[in-house]
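For reference, the chains in residue letters:
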Amino acid sequence: MAFHIYGNNYLYVDMSDLKTKLEWMKSVLNKDQFEKLMYRTFAETGRRAKTLVAKEVQQDYVVTQQWVKSQIGSFKLQFGGQFPVTCTIPLKGVKGSIGGRFPLSSPARSRKQGVVRSSIVKGQVSTMPSHMTNQGGNPPFVVNGVAFTRRTAERYPIVRVVGLGVPQMPLNRSQEKVEDSILDYTQKRLDHHFARMLSGNW
């Protein structure tokens, strides 16, 4: 099982760990049966992926499952090529704001000291850089419980300071758990459908 970000917009899911099992099943079934088995199994995995990813990500980050699911699009299946089937899941690149999606840690103390801290990873407090290099290069500051920074040396415009987005989370701290969860679900559905097909109950 491996995940790959393409253009920071897509999470590619290949099932290479199942290659030996799939090749054996393909030798047992006829072409039509094998294609049906592949489609049903990986379509179910694709539909379930939102829930599986959201559940694992929530264990590591201070986010809700609903927010994670809202940034995961509908899956696409592609047959053939290097792997028997590839499942592609689109992800939105919207990053959570500091003080909005990710709560500030002691906002009053942050204002006083000129330091902005936030809870992004569960059980940890993250300190924002003293200068927001990717958002203009100026220091962050807090207004009404939300972190901002200036885009230029002028007073305006100001923009919200942001943390991580959903595309980074499944490939960062949550990667191993997300991979294991999706692979486990896929194997269970594959075995289930294969057993039904052999028994003639499909």
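Please refer to the structure higher up on the page.
J.: Before we move on, could you go through a positive patch on the surface and cite the residues and values that matter?
T.: Taken together, the side chains of Arg48, Lys50, Lys55, Lys69 and Lys92 present a region of like positive charge at the surface. Here the element with the most residues in the positive patch is helix H2 (residues 31-60); it accounts for three residues. Among the secondary structure elements, lysine 69 is positioned in helix H3 (residues 65-70).

J.: Lay out unusual backbone geometry in plain terms, naming residues and giving numbers.
T.: Of note, the amide linkage connecting tyrosine 156 to proline 157 takes the cis form, showing an omega dihedral of 5 degrees. Here proline 157 shows up in the loop between strand E9 (146-150) and strand E10 (158-160). With a phi close to 50 degrees, asparagine 144 is a non-glycine residue in the positive phi region. Looking at the element boundaries, asparagine 144 is found in the loop between strand E8 (140-143) and E9.

J.: Tell me about the pattern of salt bridges, and please be specific about residues and values.
T.: Two side chains carrying opposite charge are able to pair once their charged atoms lie near each other. All told, the structure shown has six salt bridges when counted by the stated rule. Residue glutamate 35 pairs with lysine 31 through a salt bridge whose shortest N-O separation is 2.6 Å. In this pair, glutamate 35 and lysine 31 are both assigned in helix H2, four residues apart and thus about one turn of the helix distant. The class of glutamate 35 is partly exposed, set by a relative accessible area of 41%.

Cut-off values and rules
- Residues numbered from 1 in each chain as written.
- Predicted model: local features only at pLDDT ≥ 70, side-chain atom pairs only at ≥ 80, totals over all residues.
- Heavy atoms only, no water.
- Patch = residues over 30% accessible without salt bridge, like charges linked within 9 Å, V, L, I, M, F, W, Y side chains within 5 Å.
- Areas by Shrake-Rupley, 256 points an atom, 1.4 Å probe, with all protein chains shown as cover.
- Salt bridge = Lys/Arg side-chain N within 4 Å of Asp/Glu carboxyl O.
- Lys, Arg positive; Asp, Glu negative; His and termini not counted.
- Charge placed at Lys NZ, Arg CZ, Asp CG, Glu CD.
- Helix = DSSP H or I, 4+ residues; strand = E, 2+ residues; numbered from the N terminus.
- Buried < 20%, exposed > 50% of the residue type's maximum accessible area, 1.4 Å probe, protein only.

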